[in-house]
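Chains, contacts and geometry: an overview
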Amino acid sequence: MTEKLIFELGSPGRQGVTFADNDVPEVSLDQLLPEAYLRERQAPLPEVSELDAVRHFVRLSRLNFGVDVGFYPLGSCTMKYNPKVAEDAAALDGFANLHPYQPEELVQGALQLMYETQQDLAELTGMDAFTLQPAAGAHGEMTGMLTIKAYLESKGETSRNKVIVPDSAHGTNPATAALCGFKVVEVKSDERGNVDIEALKQVIGPDVAALMLTNPSTLGLFEDKIKAIADLVHAAGGLLYYDGANLNAVMGYARPGDMGFDVVHLNLHKTFATPHGGGGPGAGPVGVKEALAPFLPKPVVTKEGEHYQLDENRPQSIGRVKAFNGNFSVVVKAYTYLRALGGRGLKEVSEYAVLNANYLMKRLATHVRIPYQRVCMHEFVASPPQELTEQGVKTLDIAKRLLDYGYHPPTVYFPLIVEEAIMLEPTETESKETLDQFADNFIKVLEEAKENPELVKQAPYTTPVRRLDEVTAARKPVLGWLPE
Amino acid sequence: MKLQADLKYSKEHEWIRVEGSRAVIGITDFAQDSLGDIVFVELPSVGESLEVEDTFGVVESVKTASDLYAPVSGKVVEVNEALADSPELVNREPYGQGWMIVVEISDVSQLENLMDAEQYQKMVEEA
């Protein structure tokens, strides 16, 4: 490894800090705790100097790659720049040092911020009510599907046990439906990359609880028959669930609520520019139409006169899905972003996101295979040229070689319906220069792969570690460290 | 792509070997090659009843996870326990030690809906 574990650094007895002399009588642990709770041997804590500790963590931080370091066109993840002003807002004393048990009258500002975020998100998506509790996208999906389930049960519709998902869906959609106790039915895509309406008609019926849809889809294509799809689902008595992963493409142009969706989840950490990657924290607010509002998690923030409150009196609510008020600091950052840009600014975000993706697609169009020849939305899917695939150069190899050029690779092998898929989402925050340079380098990698396939198959060369043994890592994972 | 003439194939890339009233089921060489290095196989329990086209398990590779679909209806009478510790058997011998389950076939007429090696090869090539 490039960097040892901190446990492997230092020397026995070395300390980073010196404590003042103890001025209270010392009591041994075995007088305080029953023997069963005492360690048999000392915990093997790191024994390093302050300088060792500082250097260790600074070195680790320099091995990291983030959107503040370079271009990060990770499709479906919306790795846009996160404006630093949002960090300033979240760090304000009144937000950062709040305690969730403070009485309502002392946290009116925080509640107002939550209330206005709920309102803004509702306006932007065409929904009637929002919860900010879910901690991330998949958590939002589960919250949304449990809300649907509670709504259907309240109407006595207990035999609706099927959830339909397109074959291009994020894997979390079928996983969520299954986890919430539904039977998952897949519907295939047509030759334009949209939901196959005829195939949908085959599976729709009185046992359908919901259709889960991402629009634009994971192929970066707008589902232009959405009205027909919504009508079909609603006519059968089912509900329409909007996976908000790709909202970045349509803000101010199209609202899920107007398309006929009944429930949406959003990813604040994607569309609303809060930092993400590496496991969070994120936020996955869920919005619903009026009829489903009583079933949202409680509490929700309500306003009476000039007073904001956490409304716990919601007898039909599915209950809490997260401690306290979700990841509040993420909501502060998203609110800052919403208010900094305003309605017009958010519309421009989507314009540039779509423009950048189409520009990059055109720049690469003659060098790669584009399975769906359409104007794309905020991202597009491609495959390497046929001759490279035949030479045994895989998408994975190209992704690894891009690391040597200083890029985070695009999403690969997703969606599953495109062979050797590469999925590029440049986002609105990248300049034309960055896009041009990336396109030039991408084309260069394809040329390298043609002329010298081994060079690309062995890449990367310049990263802290080269190819990781993913197979052994998955088959025999080592998840902990023990002293020898 | 390796194929075996004595097997039948499903459009979901499972193979089936009929032995009397029972059938051994696994995934094809094409399927294991497309998935890449397989790291985990989840199989049903013995005694479970499967309907044709039901998912009976999941196969996970470093690239992706895929559902397994029953090519015929029947009751699971055996599962390949070795795959729990050695999922790589599916990559190495998809038609041999990499088999997945054995079912007691409940409706032999369903076998007629499956493909022979030649038909399966054609389907893969046209896809």
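Attention in this report is confined to the structure presented alongside it. (Residues numbered from 1 in each chain as written. Chains lettered and ligands numbered in written order. Predicted model: local features only at pLDDT ≥ 70, side-chain atom pairs only at ≥ 80, totals over all residues. Heavy atoms only, no water.)

When you go through chain A residue by residue, the secondary structure sums to 17 helices and twelve strands. Taken over the C-alpha trace, chain A has a radius of gyration of 26 Å; the compact-globule value for 484 residues is 23 Å, and the two agree within 12%. Seen along its three principal axes, the alpha-carbon backbone of chain A occupies a region of about 80 × 70 × 45 Å. Considering only residue pairs separated by 6 or more positions, chain A has 71% of its internal contacts joining residues 24 or more positions apart. Just so you have it, chain A exposes about 23,900 Å², and 54% of that area is on carbon and sulfur atoms. (Helix = DSSP H or I, 4+ residues; strand = E, 2+ residues; numbered from the N terminus. Rg over C-alpha atoms; globule rule 2.2 N^0.38 Å. Contact = heavy atoms within 4.5 Å. Areas by Shrake-Rupley, 256 points an atom, 1.4 Å probe, with all protein chains shown as cover.)

Residue and element names in this part refer to chain A. Ranked by internal contacts, the top residues of the largest apolar core, which has 61 residues, are L121, I164, L200, I229, F261, L268 and F272. Elements supplying a minimum of two residues to this core: α3 (84-91), α5 (108-125), β3 (183-187), α8 (197-203), β4 (208-214), α9 (226-235), β5 (239-243) and α12 (328-364). With eleven residues, the top contributor of residues to this core is α12. No fewer than three residues from each of domain 2 (85-341) and domain 3 (344-471) sit in this core. (Core = buried A, V, L, I, M, F, W, Y, C linked by side-chain atoms within 4.5 Å. Buried < 20%, exposed > 50% of the residue type's maximum accessible area, 1.4 Å probe, protein only. Domains from an automatic or database assignment.)

Now for the pairing of strand β8 (residues 300-304) of chain A. All names here are of chain A. As paired strands, β8 and strand β9 (residues 307-311) are joined by five bridges and run antiparallel to one another. Residue pairing for β9: T302 is matched across the bridge by Q309. In sequence, β8 turns back onto β9 through a hairpin of two residues, with G305 there showing a positive phi of about 65 degrees. (Pairing = 2+ DSSP bridges.)

On to the environment of G277(A), then. Locating G277(A) in the fold gives a position in the loop between α11 (268-271) and β7 (286-288). The class of G277(A) is partly exposed, set by a relative accessible area of 44%.

Attention now goes to the environment of F65(A). All names here are of chain A. Structurally, the position occupied by F65 is in the loop between α2 (50-62) and α3. Separated by 38 residues in the primary sequence, F65 and P103 place their C-alpha atoms 41 Å from one another. Residues contacting F65, with those up to four places away along its chain left out, are G70, F71, Y72, G406, Y407 and H408.

Residue and element names in this part refer to chain A. In this chain, K298 is followed by P299 through a cis amide linkage whose omega measures -5 degrees. Note that P299 resides in the loop between β7 and β8. Even without being a glycine, F324 presents a positive backbone phi close to 50 degrees. Mapped onto the elements, F324 comes out in the loop between β9 and α12. The phi dihedral of E420 is positive, around 50 degrees, even though this residue is not glycine. Tracing the sequence through the fold places E420 in the loop between β11 (411-412) and β12 (422-424).

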